[in-house]
Amino acid sequence: MDVLDLSASYDADFVARVQAESGQNTALCYQCGNCTAGCPYTFAYDIPVSRIMRLVQAGQRRAVLSCRSIWLCATCESCTTRCPNDIDVARIMDVLRHMARREGFATERNVKVFWDSFLDSVRRHGRVFEAGLLARYVFLTGRFWTDADLAPRILPKNKLGLKPHAIKGQAEMAKIFQRFAEQEGRS
Ligand code: SF4
Ligand code: SF4
């Protein structure tokens, strides 16, 4: 097991920001481990989710924001459902991912590229344009054969439109992105 240096400086501002942005009281966590036991990605995480909670309590900003786990989390909410103290752990993972992105920690670059490509597609078209998302992701990551084996099954079913379809509420969608950008600028 890795040894984490908890004597490294306690970042009180980090703890306060995580609590404010998630609306959760991280101090309630008593390390029962239920979240980790139910997390389907514990096998792939570099730091299990209950340990991330402990590191947040200990104000270990760098250790938390530079871990892979926050990028691999599937937001399945199993941790939230299992927490005996009603902590929305999945929400905290989401907040940590946003913070990591803002503060230049993108430990899983390909996940971040996918995330950015997805959001860019929604911003441009009001809904995701799968072919465009795939093209951008493949171009930026160099993963040219990603899911190529699925093409013979998907294409005959017309499930992958080759042209984007704009939605009616494009203006409302633009406002959502603008609000998000303003919030990001404030935090
Ligand atoms: S939301 Fe994320 S951390 Fe929580 S159980 Fe699901 S994959 Fe694990
Ligand atoms: S289930 Fe809740 S109390 Fe238990 S370790 Fe996870 S966050 Fe902490």
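About the cut-offs
Residues numbered from 1 in each chain as written. Chains lettered and ligands numbered in written order. Predicted model: local features only at pLDDT ≥ 70, side-chain atom pairs only at ≥ 80, totals over all residues. Heavy atoms only, no water. Near = heavy atom within 4 Å. Helix = DSSP H or I, 4+ residues; strand = E, 2+ residues; numbered from the N terminus. Nonpolar A, V, L, I, M, F, W, Y, C, P; charged D, E, K, R; others polar. Domains from an automatic or database assignment. Contact = heavy atoms within 4.5 Å. Buried area = accessible area lost by both parts, 1.4 Å probe. Salt bridge = Lys/Arg side-chain N within 4 Å of Asp/Glu carboxyl O. Polar contact = N/O pair within 3.5 Å; in protein donor to acceptor, adjacent residues only side chain to side chain. Core = buried A, V, L, I, M, F, W, Y, C linked by side-chain atoms within 4.5 Å. Buried < 20%, exposed > 50% of the residue type's maximum accessible area, 1.4 Å probe, protein only. pLDDT = per-residue confidence, 0-100. Axes fitted to C-alpha atoms, helices over the stretch in contact; angles between N-to-C directions. Left-handed = near helix turned anticlockwise from the far one by under 90°.

As annotated in an unreviewed UniProt entry, the chain carries the name 4Fe-4S ferredoxin-type domain-containing protein and comes from Fundidesulfovibrio magnetotacticus.

Student: Would you take a moment to explain the site of ligand 2 for this structure?
Tutor: Not every one of the 13 residues close to ligand 2 is listed here, only the nearest: C29, C32, G33, C35 and C83. Within the residue set of the shell around ligand 2, elements represented by two or more residues are α2 (34-38) and α3 (49-57). Taken together, the residues that form the shell around ligand 2 break down as eight nonpolar, five polar and no charged.

Student: It is not clear to me how the domain arrangement of the chain should be interpreted in this structure. Could you clarify?
Tutor: Structurally, the chain comprises domain 1 (12-103) and domain 2 (109-184). Averaged C-alpha coordinates put domain 1 and domain 2 at centres separated by 27 Å. On the domain 2 side, the residues contacting the five residues of domain 1 number six residues. Buried surface at the junction of domain 1 and domain 2, summed over both partners, amounts to about 700 Å²; 64% is from carbon and sulfur atoms. For the pair domain 1 and domain 2, the number of links is one salt bridge. Between D116 and R101 there is a salt bridge whose closest N-O contact spans 2.8 Å. Where domain 1 touches domain 2, the interface holds one residue pair in polar contact (both at pLDDT 80 or more). Residue contributions to the side of domain 1 that touches domain 2 peak at four residues, all from helix α7 (residues 89-102). The residue inventory of the side of domain 1 that touches domain 2, partitioned by class, reads one nonpolar, one polar and three charged.

Student: Would you explain the nonpolar core in this entry?
Tutor: Soluble, globular proteins show a tendency: their nonpolar side chains are buried together. F14, I52, V64, L65, I70 and L96 are the most contacted members of the largest nonpolar core, which has 31 residues in total. Contributions of two or more residues to this core are made by α1 (12-22), α3, α4 (61-65), α5 (69-72) and α7. Take this core: its biggest share by element is eight residues, from α7. If near-sequence neighbours (up to four positions away) are discounted, F14 is found in contact with V56, G59, Q60, R61, V64, L65, L96 and M99. V128, L133, M173 and F177 belong to the second largest nonpolar core, which has five residues in total.

Student: What is the right way to read the confidence of the model for the chain from this model?
Tutor: Residues shown with low pLDDT carry predicted positions that ought not to be read at fine detail. Looking at the chain as a whole, its pLDDT mean stands at 89, while 94% of the residues score no less than 70. The element-level mean pLDDT for the chain is lowest in helix α10 (residues 151-154), coming to 80, with helix α6 (residues 78-82) highest at 98.

Student: Help me understand the packing of helix α8 (residues 109-125) against helix α9 (residues 130-141) in this model?
Tutor: The angle between the axes and the distance between the axes are what describe a pair of packed helices. Remark: α8 packs on α9, axes separated minimally by 9 Å, with the N-to-C direction vectors making an angle of 150°. In terms of crossing hand, the pair formed by α8 and α9 is right-handed. Residues R109, N110, V113, F114, D116, S117, F118 and D120 of α8 touch α9, and the partners they reach there are L133, R136, Y137, L140 and T141. For the contact of α8 with α9, a count of residues per class yields six nonpolar, three polar and four charged.

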